[in-house]
Each structure stands twice: as C-alpha cells, then as structure tokens.
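Analysis of the macromolecular model
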Amino acid sequence: MPFDSSSSPLPGSSFGEAPLPARALAAGMGLAVARRTVFRPEDAECFGRVADRVAAGNIALLRRDDAATRAEQARLRNAIATGALLTSGRHLQHGDPDQPDRNIEVFTNCATAIASFVKFYLLLNGSGVGRSYDDALIAVDWANAPDVLLYLSPAHPDWPRDAAGLARLAAELGLDDAAALGRELVRDPAAVPAQARRHAIADSREGWAKAVEILESMAFDGARDQTLLLDFSAIRPAGSPINGMQGRPASGPVSLLRAFLNLRRHVIEPARRRDPAGAEMQPWEQALLVDHHLSVEVQVGGARRAARMATKSWRDPGVLRFIRAKEAGGLWTANHSVMVDATFWDCLRDGAAAGPLAAAARAVFAEATRCAYVNGEPGFINGDKLEDHRTGSARRRPVHEDGRDVRSARYQVDAAAGLLAHLARAASAADFPVTTNPCGEIALHVAGGYCVIADYAPLLACPVPFDSFTPGAPPPEVAALWDARVEDAVRLGVRFLMRANRMDALYGEEVTRTNRMGIGPTGLHEYAWLRFGLSFADLLDETRAAPFWAMLAGLSQTAKDEGAAYAAALGLARPVTVTTVKPSGTISKLFGLTEGAHLPARRQYLRWVQFKGVRDPVSGTWAPGSDPLLADYAARGYPMRTLVSFPGMTVVGFPTVPLIMGLGLSEQLVTAPEASPEAHYRWLGLLERHWIGAEQGNQISYTLKLFTDRHDLDTFRDIVLRHQPEIRCCAVLPSRPDHALGYEYLPEEEVSEETFAALTARIAQSSAEAVDLVHLQCEQGVCPI
C-alpha cells in the first residue's frame, strides 16, 4: 500500500530541521562505551555524526525521497543528536545508509527461538534470545544424532605448523594433548565412508547456523546409524575482519570446531548412555546444554555476550531439575526463570490447598527461592500476565507444515522444516505460548519472534542547560518546548521502530502479524526531579506526583496512537505491543543517566565493562586481536581483570558518578540499595499502570537487589510471595556485600569515597583533556575531523 501522509501528521517540529549541536557524552564511562560499541572511525567520536548515519539509514527503509521524508530525517537526526531519542545500542552501532540491504536480526535486541540452530543464528547476529524448555516444546533427542566427524584442512592458516602450535590447538579445543587431535579430528576426509553425509561449512553466520541445522534435523529424524562429516576449512582465519560487524575480528574455525566437539562429548555421547534408574539427561536438558555450548562460542567471537533466557513451566515434571541446573556452576550463558501463573500463586496463598498441583507449587516455590537466595536464579515470570498470552494473540499464530514462516533472503530453512512445523504445532497448545527475551522486558511467542526496541530520554529533551533553572520550576516557555520535544521523541521513536520492522527477517511472517515494538523511557529519576521537582519518595505518592504520572500516561497513549496511525499509513498491522522499559545499560551510560526504570546503583562506584582481549601476565603485552582501547586504559591506570568464565575477555573498571548526583537532590537522593523492597515493587506497579498500560504493553526490565545481611531466606520468601504475583516480572537478586553470588564479577562494584578518590587520582588525564576538546567542539556544532 502506498504511504498516506495525510493520515499520520509528521511529528518532530519542536526539534526543527536545521542541525542541532550534538550532546556531549559523559566523560570516562560514556566515552568508553561509545568507543567500544557505537563509534566508527568516520564518526570522529562525534555523536552528531552517529545521529546523521542512524537517521539516514532508518529513513532509507521507506525507499523514497520527497520533502516530507527529508523533513522527518532532519527532525529524527536532531532528536537522536540531542539525546532525546536514544534508540538502542544496536541501531547506534549498525545504522547507516546501507540499512535497507541488511537483515533485521542485526538490529533486533530481543528474540525467541524454538530450535538450537535458530537460536545460534540469532545470537551470531547479536540478538538476545529467549527459549522455553518446556517438555512439550522439545522434540529432539540428541541420542539419535548421527556420528559427527570433524575436519579442518592442514592447509588452513589456523592449523599449527609445529609441535608447540599443535599443543596449543589441543588446549584450545579442551583436549589432553596433541595426540588427541588425531583421535578427535578426521585426518583424511577421503578415508571417510562414501555413504557419509558431507557438509562444507560456509564462511558466514548463515553457514555456521546451517551446520547446526543439519545436525539437529538429523537427530530429530533419528539418524543415529548415519555419519555426518563437517568440514571447517572454508572459514576465514582468526583475526580477519567481519565486515558486517564494523571490522571486528573473526574467531576463526577453531571456535566453531570446539562447539561441535563439546556437543559430541558433552551432549550426544552422554545422551546415548541410558541410565536404567532414569537419571539420564532428558531431552530438555540436552537442549539446554547444546544451547550453552553454542552460545559460549558466540561470546568468544566477540559479537556480544550471547545473552539468553531459559524458561520452564512450573507444571513440568522436570522443573525441579531445571531449578537446580545452575546450582553447581556452569550454564552461565543464560538467565533461568520459572514460568508461573495465578494458579501457582493461589496454591501458595491458600494454606488449605491440597492435591498434587498444590504440592507441586509448594515444592517449586521452596526450591526456586532456596536456589535464588544463593545465586539469584531462577526467577519467576508471570506468564499469564504477558500481553500475547493475556489477549490470546499467541494462540492465533498460523502453523505451516513446510516451515515457510521461518525464512529470509539470507537464510532458508530446509533440512529442519519438519522439525519447526512439529514444534509450531506444539507451541500452539503449550501452557505458556509466550516467553520473554533475556532481560525480561519483551513478550515473544515461543515459536519465534522479534522486537525492535528504543529508549527516549525525557531529561535530555530539555532545551536549556540543566543548571539554568530551579528543579521543578522551568520557565513556562522552556517547559512548553521541553514537553513538546518529549512527545515528539516518543512519536519519532515509534515511527523509527516501525520502519525497522519492514526489514528482511527470518521471522518475517511473525513480524508482519504482530508489528511488535517496544519504546520506553530512561533517566526517569533525573527527569522527575528536574522537570517536576519530585524525588523518588515523592513519586511513590500518586497524589503528590500526579503531574508526572499524568505526563507518563499521556505519553503511553501517544505512543500507541502514533503506532496505530503510522501502521495504517504504511499498510501494516496495528502493533501488538508498543510500550516497554528496557534495561538500557549501554545507552544510558553514554550520558550518565539512571538506567531504564532503575534507581542509581550507588553514589559512586566502579562500573565494569567487558572488552575483547587478554594480556600476558609476564610480558604485559596484549594478545593479537585484543581491543586497542585496552592498552590505552591500562596505561592510564584503570583497574582491570582478566576473566576466567569469559575466555579471552577483560573487564575494565570505570569510576562512575551518576549525573543525578549533580542535580541538587542532596538528602532526597535515594539509591537502589537504600530503597526498601516494598518501595521498589510500588514503583514497578505504578510504572506498569501508567506507562506499560492495560493494553499493547510489554514489561519492565527490573532488577531488585535484596541484601542478605538485612533479609534472611524466610524474609526473602515472604517478599517474593507478597509482591511478585502483582507485577508481570521482576528479577529479585539477593546480594552480599562481600560476595558476587558465584559470578566472577558483577557490573557495579561499590567503593568507598576514599578508594574512589584514590582511583580517580591515579588515572592519567592527558587523553581525557583531548576528549573534552572534541566534545566541546561537537557541542558548538563543529566536528573535529
């Protein structure tokens, strides 16, 4: 259908069309995150140039050039450049005029998958992926997989040329010694029986996923008596640039080779060893391990941290084993949550409830809270409150026997079409046909779906310096322009996301059916204080904070109205979901904002950020392929740690003082540890009511840290039982001042004022002065090239 501009008035006039100066990034952390994730060489570390290319790429999806389109591009650019519409890290990283020729998976933060090969493909594209491991949604018994043979040509540049190199390769593959290479890998493919199926793995994300698809489909088909030979020789050498990821270094064939070795050793072979006592790995456990081993190699490749969500129904017989799955360590690539519903909570609240269902609910709650009190997992997700489940939309998803609903221009499912059709039928009748992405803010069909998401930052829509007026009392003309810009940022953001939904997609049919999106605020606490003069305590008083909540509810309706109008103009379906609040870690750090709906983590703290690369402990030199920023940060005295649980990665600690500390809140400032659990839940409930709304809403990604030196296990259980049933989802993370819950590190580390001062004094300032000059020039509208 042709675009009808008359039915969707063009928003953004408050930003104008003449280029506005770009907002300066937060010194230290903001610049570090931008350098690692956002900036390209041609951006010259100017956020205005980022806004130029992101706006150009998104508008190019309309594939037309007229006055209205050019006007919207200019207004969109200004909204992004000023920080009022921050979009998401995926868009800031990948957005450019070539966007119409790219696949949506590179731009989606959130996805789900129902098969391991699809999950692997989405992770390779950088998307966070959720998967339900309900018994009914697992169709592959990996004991029925074929014998898997693995081959890498000795002529490949990554094949070692000497004994020391062979020993290193064996160690990289987790083998005891170089002699094991001859036992684990095929030396001469010509000697493999002729009836073996042979597959040369193509050097692309699609090629890697296709290899998993073939193996997974053969396991589904019961090909245990067959042989599959996988040839890794066409994969580019380690360190080669990945053009689709802005030149980031490729991990080479060894990484994928290790994944298949681990599948063979830790999944296929153990699955074949049947235990008469019934203690063998169940198919859902096999799938959990397959997904873990594949995900490890995604994060090793440096594409991203391979974020995953793993969920299981509280009604499943194996749910107690699922709950304990992370107790002994490992499986660190996924967040685990139990899907529950009103029946679950009713069984717990009714002390007289009897029968097997009530007994199961009590056992699940007791075991889940016991484990969560130790390491923070699993959580509880109220599956019946998720939008698509609540409205029945998920049940109306079509089922195609040929798997044609999972294919794109870049990836065509063939071998696994039958597997996907089988699983789609099972999903239509599942207890929970909807699950979430890894951070919990998006509701997605278990058979597969996407959501494109974006942040708007109402604070950064302020058209004047923050210190030019008293908090809560901006001059009327400032308030009017500020409010108009906030509304325009929301409208422009909805249109921005809807255009992204027109991109080539593996789940193209589901995208067309749902037109799903999620736009949400970040930096809310700074905005509430500066615009309305409201502290966190004030916000919990709905009467006192009525102007704030009315503004937020109005913006929620504005977003949904804009979504309906723009969808009609483009000939698309009305969006199933529009509102969300995402965690906003990357985006908020750019400008030092509180993240998403969260309170400030601390008054001052170290924020640990992952970078690809390791340093030799003896020589101090950085390994080939390491991020060049690491050497700079090391020279300037930033604290660093080489990670064990994330091989090949280093975390850098950035001394951080949130922007909110400088806005004059003084004693009224409340940090996350200072707020009571009841206050956190009250805040979440208000946000769900006024921003998420009764319809077309996703969820709020929120982590409530509950300190175990203040709350014992019984108190923890009481808090969860009292409050968790009332909201859609919330991660309750028991924390200890001296313990990282079994994790190697946590993102924020509290430090004393004295330690903080010593750290900042130790860090050299020479390069920071140059950065300040760049940002001053950007603020003045001059990009220093």
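What comes next concerns the included structure. Since this is a predicted model, take the numbers as computed values, not measurements.

Brief notes about the overall build of the protein chain
Helix and strand content of the protein chain: 26 helices and 23 strands. Against the globule reference of 28 Å for 785 residues, the protein chain gives a C-alpha radius of gyration of 26 Å, in line with a compact fold. Here the C-alpha coordinates of the protein chain stretch approximately 80 × 70 × 60 Å along the principal axes. Taken over 785 residues, the protein chain has a buried fraction of 59%. The contacts of the protein chain with a sequence gap of at least 6 include a subset with a gap of at least 24, amounting to 77%.

A few points about helix H22 (residues 628-635)
Restricting attention to buried positions, one finds in H22 the residues Leu629, Leu630 and Tyr633. Summarising the axial view, the buried residues of H22 lie within an arc of 105 degrees, below the 170-degree limit, and thus occupy one face. H22 presents Pro628 and Ala635 as exposed residues on the side facing more than 90 degrees away from its buried surface. Its buried side turned inward, H22 meets helix H1 (29-38), strand S17 (605-612), strand S18 (640-642) and strand S19 (649-656).

Focus: the nonpolar core
Ranked by size, the top nonpolar core spans 219 residues in total, and within it Phe47, Phe232, Phe260, Phe344, Tyr456, Phe548 and Trp683 carry the most contacts. By residue number, the principal contributor to this core is helix H16 (residues 476-500), which donates ten residues. Core analysis: the next-biggest nonpolar cluster, separate from the first, contains ten residues, Leu643, Phe646, Met649 and Phe756 among them.

As for the sheet that holds strand S23 (residues 748-750)
The four strands are arranged S18-S19-S17-S23 in an open sheet whose pairing can be described as antiparallel. The open sheet has two free edges, formed respectively by S18 and S23, since each of these has just one partner strand. Averaged over neighbouring strand pairs, the angle between their axes works out to 30 degrees when direction is ignored. Inspection of the sheet shows S18 paired to S19 by three bridges, in the antiparallel sense. In the sheet register, Thr642 faces S19, and the bridge partner there is Thr650. The strands touched by H1 are S17 and S19; relative to S17, the strand with the most contacts, the crossing angle is about 15 degrees. Each of S17 and S19 is contacted by helix H25 (residues 753-762), which is oriented at about 110 degrees to S19, the strand it contacts most.

Things to note about unusual backbone geometry
With an omega of 5 degrees, the peptide bond between Glu377 and Pro378 qualifies as cis. Looking at the secondary structure, you find Pro378 in the loop between helix H13 (356-375) and strand S11 (379-382). Non-glycine residue Glu45 carries a positive phi angle of around 55 degrees. Checked against the element boundaries, Glu45 lands in the loop between H1 and helix H2 (47-60). Its relative accessible area of 23% is what places Glu45 among the partly exposed residues.

A few points about the pattern of salt bridges
Under the counting rule described, the total for this entry stands at 46 salt bridges. In this structure, the salt-bridge partner of Asp291 is Lys119, at a minimum N-O distance of 3.8 Å. With Asp291 in helix H10 (residues 283-300) and Lys119 in helix H5 (residues 116-124), this pair connects stretches of sequence that are 172 residues apart. As far as the burial class goes, Asp291 and Lys119 line up, both buried. For Glu510, the salt bridge is made with Arg397, and the minimal N-O distance between the two is 3.4 Å. Placement of Glu510 in helix H17 (residues 508-514) and of Arg397 in the loop between helix H14 (387-391) and helix H15 (417-428) is noted, with a sequence separation of 113 residues between them.

Digging into the pairing of strand S14 (residues 449-456)
Among the eight residues of S14, eight are classified as buried, and the element is accordingly described as predominantly covered. Going residue by residue along S14, you find Gly449, Cys451, Ile453 and Asp455 tucked away on one face and Tyr450, Val452, Ala454 and Tyr456 tucked away on the opposite face as well. Summarising the sheet, strand S2 (residues 110-112) and S14 pair through three bridges and their orientation is antiparallel. Bridge assignment links Cys110 to a residue of S14, and that residue is Cys451. Pairing of S14 with strand S15 (residues 517-521), which is carried by five bridges, proceeds in the parallel orientation. Note on S15: the bridge partner recorded for Val452 is Met517.

Let's talk about the sheet that holds strand S4 (residues 147-151)
Taken together, the three strands give an open sheet; going across it, the order is S4-S6-S5, and neighbouring strands pair in parallel fashion. Strand pairing shows two members of the sheet lacking a second neighbour, S4 and strand S5 (197-200), which therefore form its edges. Here the strands of the sheet are splayed against their neighbours by 20 degrees on average, with no regard to which way each runs. Examined bridge by bridge, S4 and strand S6 (residues 227-231) share five bridges and lie parallel to one another. The residue bridging Val148 from the neighbouring strand is Leu228, located in S6.

Comments concerning helix H18 (residues 524-532)
One turn of the α-helix equals 3.6 residues, which is why residues spaced by three or four share an orientation. The element H18 is largely enclosed, with a buried count of nine among its nine residues. Listed in full, the buried residues belonging to H18 are Leu524, His525, Glu526, Tyr527, Ala528, Trp529, Leu530, Arg531 and Phe532. Tucked inside the fold, the buried residues of H18 contact H16, S15, helix H19 (536-539), helix H20 (546-570) and helix H23 (677-692). Gly533 lies just past H18 and shows a positive phi near 70 degrees.

Procedures and definitions
Residues numbered from 1 in each chain as written. Predicted model: local features only at pLDDT ≥ 70, side-chain atom pairs only at ≥ 80, totals over all residues. Heavy atoms only, no water. Helix = DSSP H or I, 4+ residues; strand = E, 2+ residues; numbered from the N terminus. Rg over C-alpha atoms; globule rule 2.2 N^0.38 Å. Buried < 20%, exposed > 50% of the residue type's maximum accessible area, 1.4 Å probe, protein only. Contact = heavy atoms within 4.5 Å. Arc of directions from axis to C-beta. Core = buried A, V, L, I, M, F, W, Y, C linked by side-chain atoms within 4.5 Å. Pairing = 2+ DSSP bridges. Axes fitted to C-alpha atoms, helices over the stretch in contact; angles between N-to-C directions. Salt bridge = Lys/Arg side-chain N within 4 Å of Asp/Glu carboxyl O.

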